[in-house]
Structure formats: C-alpha cells, structure tokens
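# Structural characterization, general
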Amino acid sequence: MADENRRAETIAAANGIGTDTAFGAVTPPLYLSTTYTFAEFEKARAYDYARLGNPTRDQLADTLAKLEGGARAVVVSSGMAALDLALSPLRPGDLLVAPHDCYGGTHRLLSMRAARGHYRVAFVDQTDEAALAAALAEGARVVLTETPSNPLMRITDVRRVAALAKAAGALFVVDNTFLSPALQRPLALGADLVVHSTTKFINGHSDVIGGAVVAADAALGDELAAWANTVGVTGSPFDAYLTLRGVRTLFPRIERQSRNAAAVAAFLDAHPAVARVYYPGLSSHPGHAVAKAQQSGFGAMLSAEIAGGREAVRRLVGALQVFSLAESLGGIESLIAHPVTMTHAAMDPEARERAGVGDGLVRLSVGLEAEEDLLADLARALDAVAAG
Ligand SMILES: *Cc1c(COP(=O)(O)O)cnc(C)c1O
C-alpha cells in the first residue's frame with residue numbers, strides 16, 4: 001500500500017518498520033553516533049553531525065509530520081524548546097497574542113521573553129471573541145492557542161481563530177499537547193504550526209522530556225529546523241528512539257485513557273464533595289459542541305473543583321492510592337496535580353485568579369488502569385475528605 005494512503009493508526013504503529021537496509025531489522029535501529037564519515041573528500045553523506053541531523057530523530061520527525069498532516073516536523077529537547085522555536089520568527093516590538101490560561105511554563109517563557117524585550121505579549125481569553133479581535137487589531141504577528149487549555153479545559157474554536165489570525169496576517173500556532181494528533185489535527189483546521197510537548201501523550205510513558213514543532217509549510221519548517229540546529233535545541237537520538245516506541249501505541253492508549261477519563265468525569269460530576277467538573281466530554285461543558293466538532297475524542301485530561309478548598313485537596317491526595325500526586329500528564333499511569341501549588345505556582349496570583357485557577361482545583365491525567373480501580377480509589381478518598 002502506498003505510504004500516502006495509509007491511515008493515521010497505521011502510520012503511528014508502523015512508519016519506518018522494515019526499512020533497514022543494513023540487516024533487515026524490523027524495528028528501525030537507534031543511531032547514537034555524533035558524527036559520520038565523508039564518502040570522499042568534499043562529499044558528505046546524508047548525515048554529517050548529529051546536532052544538525054540524525055536518522056533516528058528524523059524517523060520520529062517524519063512520523064509526527066505525517067500524523068499531523070504537515071510538511072515537516074522539527075524534534076527538539078522539550079516542549080518549552082518547541083514553543084520557543086515556534087515563536088522564534090517574532091522580532092523585538094512584534095506582538096504575540098497568547099491564551100490567558102496557558103500552561104504555567106508557557107506563561108513564564110512568554111512573560112520572561114517579553115520582559116527582556118524579545119517581543120510583546122498580550123494574554124487574552126480566546127473564547128471571548130471581542131477580546132481576541134481587539135488584541136489582533138493591535139497588529140499581532142503571532143497567535144498562540146492551547147486547546148483544551150490547562151488546567152480548566154476551556155475549548156477554543158481553532159477554525160474560528162485561524163480565520164481571524166489569517167485576516168490579521170498573523171502566524172497561527174496551536175499547542176496540541178493535551179490531545180495529540182490522534183484526537184485533534186490543528187493544521188487541517190487552519191493552523192500554520194503545531195507544537196507538542198512529546199513528554200506527554202506522544203511518548204506516553206513518563207520517561208522522556210521532548211518536544212516537536214510541525215509546520216504546514218515546508219519553507220517555514222526548514223527555517224525552524226535550521227534555527228533549532230543554530231541554537232542547539234535538537235532532541236537526543238535516544239529520546240527520539242523511546243518517543244518513537246511510545247508513538248507506536250498512541251491510538252489505543254489515548255482511546256482507552258479517554259474512555260477511563262469519561263467514566264471518572266461522570267463519577268466526579270455526580271459526587272457531592274465535588275463542586276464542579278471541567279471535562280469537554282460532559283454535555284454541560286461550555287466547549288462541548290466545539291470540542292465535538294473539532295476533536296475526534298474528548299481526551300484523558302480533566303479538572304475538578306473540590307468543595308472545601310486546599311484543606312480538602314490535602315486530604316484527598318493523601319488518601320488516593322491509584323492516582324499519584326505528581327506533575328505532568330499523558331502517561332499510562334493516573335496522576336493528580338494541584339495547579340495552584342504545582343504546575344501553576346510560577347504564575348502570579350492575580351493572573352491565576354483571572355484564569356480561574358482556585359485553591360480547590362485538582363487536575364487529573366487518567367491512565368490505563370482498570371476503570372473500576374480508578375473509581376473505587378476516588379470514592380474512598382472522597383469519603384476521607386468528607387470524614388475530615
Ligand atoms: C508540559 C507542557 C508543555 C511543556 O513541555 P515540556 O516537555 O515539559 O518542556 C507545554 N505545553 C503544554 C500544554 C504542556 O502540557
């Protein structure tokens with residue numbers, strides 16, 4: 001079957017399988033060498049130095065580009081490096097429009113770049129179309145969107161923002177970390193660049209820090225690849241190997257984890273100790289219809305407001321046994337995080353308040369464990385909260 005006709009599940013599972021010409025290895029080999037011999041004087045081979053290019057990293061990049069439907073992917077050392085790379089076209093004085101409730105590390109990166117004069121940034125609630133239009137009218141050069149947002153799972157209409165960004169002449173970048181290309185393909189919805197923390201669902205096993213940028217346009221992709229080499233943020237071959245191994249199971253993992261998350265969301269939604277649940281799969285979620293239209297699943301992330309604030313959260317996480325108290329997300333294990341004291345601690349309290357991240361909020365990354373065990377764990381821990 002011609003490569004270009006393969007379905008995404010086949011690309012994830014089998015891109016590059018059985019292509020080794022040296023020994024016929026079924027699994028593509030891991031190339032660790034930092035340097036390559038020249039074929040002869042003045043004649044380099046396909047690879048010469050591993051910061052610039054590496055076959056294992058290129059195999060992962062090729063797989064991610066195909067999964068996102070882009071022309072080229074650049075694999076870098078972390079999600080933060082991927083964001084910084086995607087925003088590298090910005091010049092001093094240029095305006096970046098970013099989500100007011102973005103990932104905490106992203107908020108810190110953009111704020112510190114802006115404080116150093118590298119560009120200007122406006123943090124905007126992108127579900128508020130009037131606010132977004134007003135920011136774009138100031139002459140935005142880049143619009144960055146994160147949907148679903150972290151940690152409140154706000155849904156931004158990607159097609160709508162793409163149209164507004166295009167009309168304003170701005171480059172449109174989408175952080176697709178929370179869903180992965182298995183559930184959302186922003187380039188097909190009008191984005192110019194997709195950014196990933198491959199640390200999360202794409203690797204999926206909580207053992208690699210990595211990132212990627214996928215460009216719809218080959219020339220922009222080439223420019224970003226050259227910049228990644230210039231500043232030295234390209235990803236390590238070993239990390240690429242592990243991430244490629246992770247991506248093989250992306251589809252079945254995220255499908256099963258999403259099913260577990262939907263069950264957890266429904267359970268928490270009905271529980272008296274839980275004030276509010278933020279999960280796009282619930283019909284009560286304000287972004288439910290848009291999520292249904294632009295995603296092919298609701299994902300494995302959700303947040304919940306525990307009645308009783310920080311003290312109740314302390315008792316809850318102390319009683320949980322299947323869910324581990326930890327940052328990060330997207331792995332095969334279930335995690336619970338408290339954004340105020342963990343992922344969003346770096347954000348200034350006022351900005352956090354504006355983003356709606358309160359003391360009782362917990363974020364859950366739902367894993368591959370049996371649904372019964374996840375629900376029993378939460379039921380028992382919530383009883384402990386009620387008991388005081
Ligand atoms: C984790 C994360 C990042 C940062 O990625 P790292 O791999 O930790 O550098 C960026 N955006 C989102 C949405 C994330 O969840």
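Structure shown above.
Residues numbered from 1 in each chain as written. Predicted model: local features only at pLDDT ≥ 70, side-chain atom pairs only at ≥ 80, totals over all residues. Heavy atoms only, no water.

Secondary structure summary: the chain contains 13 helices and twelve strands in total. Over its C-alpha trace the chain gives a radius of gyration of 21 Å, about what one expects of a compact globule, namely 21 Å for 388 residues. Along the first, second and third principal axes, the C-alpha set of the chain runs to 75 × 50 × 35 Å. Within the chain, residue pairs in contact and separated by at least 24 positions form 71% of the contacts whose partners lie at least 6 positions apart. For the chain, the accessible area works out to roughly 16500 Å², and carbon and sulfur atoms hold 53% of it. Across the chain, the centroid of the 34 positively charged side chains sits 1 Å from that of the 42 negatively charged ones. (Helix = DSSP H or I, 4+ residues; strand = E, 2+ residues; numbered from the N terminus. Rg over C-alpha atoms; globule rule 2.2 N^0.38 Å. Contact = heavy atoms within 4.5 Å. Areas by Shrake-Rupley, 256 points an atom, 1.4 Å probe, with all protein chains shown as cover. Lys, Arg positive; Asp, Glu negative; His and termini not counted. Charge placed at Lys NZ, Arg CZ, Asp CG, Glu CD.)

Before going further, it helps to spend a moment on helix H8 (residues 237-247). Considered for burial, the residues of H8 that qualify are Pro 237, Ala 240, Thr 243, Leu 244, Gly 246 and Val 247. Contacts made by the buried residues of H8 are with helix H1 (8-14), helix H2 (55-68) and helix H9 (250-269). (Buried < 20%, exposed > 50% of the residue type's maximum accessible area, 1.4 Å probe, protein only.)

Quick look at the sheet that holds strand E11 (residues 335-337) now. Taken in spatial order, the five strands make up an open sheet running E8-E9-E12-E11-E10, and their pairing is mixed. A strand with exactly one partner marks an edge of an open sheet, and here the two such strands are strand E8 (274-278) and strand E10 (324-325). Pairing of E11 with strand E12 (residues 361-365) involves three bridges; the strand directions are antiparallel. The partner of Leu 335 across the bridge, within E12, is Ser 365. Packed on one face of the sheet, helix H11 (residues 309-319) meets strand E9 (301-306), E10, E11 and E12 and runs near 125° to E9. (Pairing = 2+ DSSP bridges. Axes fitted to C-alpha atoms, helices over the stretch in contact; angles between N-to-C directions.)

A few words now on the layout of surface pockets. In this structure, the largest pocket encloses a volume near 450 Å³. Elements that contribute at least two residues to the lining of the largest pocket include exactly helix H3 (79-86), helix H4 (104-115) and strand E6 (193-197). Counting residues per element, the lining of the largest pocket draws most heavily on H4, which supplies four residues. Grouping the amino acids of the lining of the largest pocket by side-chain chemistry returns nine nonpolar, 13 polar and six charged. In this structure, the lining of the largest pocket is formed jointly by two domains, domain 1 (7-247) and domain 2 (250-387), each of which donates at least three residues. (1 Å grid on protein atoms, 1.4 Å probe; cavity = no way out; pocket = protein on both sides within 12 Å on 5 of 7 lines; lining within 4 Å. Points joined across faces, edges and corners; volume = space filled by probe spheres on them. Nonpolar A, V, L, I, M, F, W, Y, C, P; charged D, E, K, R; others polar. Domains from an automatic or database assignment.)

What follows is about the pattern of salt bridges. Scanning the model with the defined rule gives nine salt bridges in all. Of the charged contacts, one joins Asp 94 and Arg 141 as a salt bridge, the two residues approaching to 2.9 Å between their closest N and O atoms. Of this pair, Asp 94 sits in the loop between H3 and strand E2 (95-99) while Arg 141 sits in strand E4 (residues 140-146), and the two are 47 residues apart along the sequence. In this structure, Asp 359 and Arg 310 form a salt bridge, with 3.1 Å as the shortest nitrogen-oxygen distance. (Salt bridge = Lys/Arg side-chain N within 4 Å of Asp/Glu carboxyl O.)

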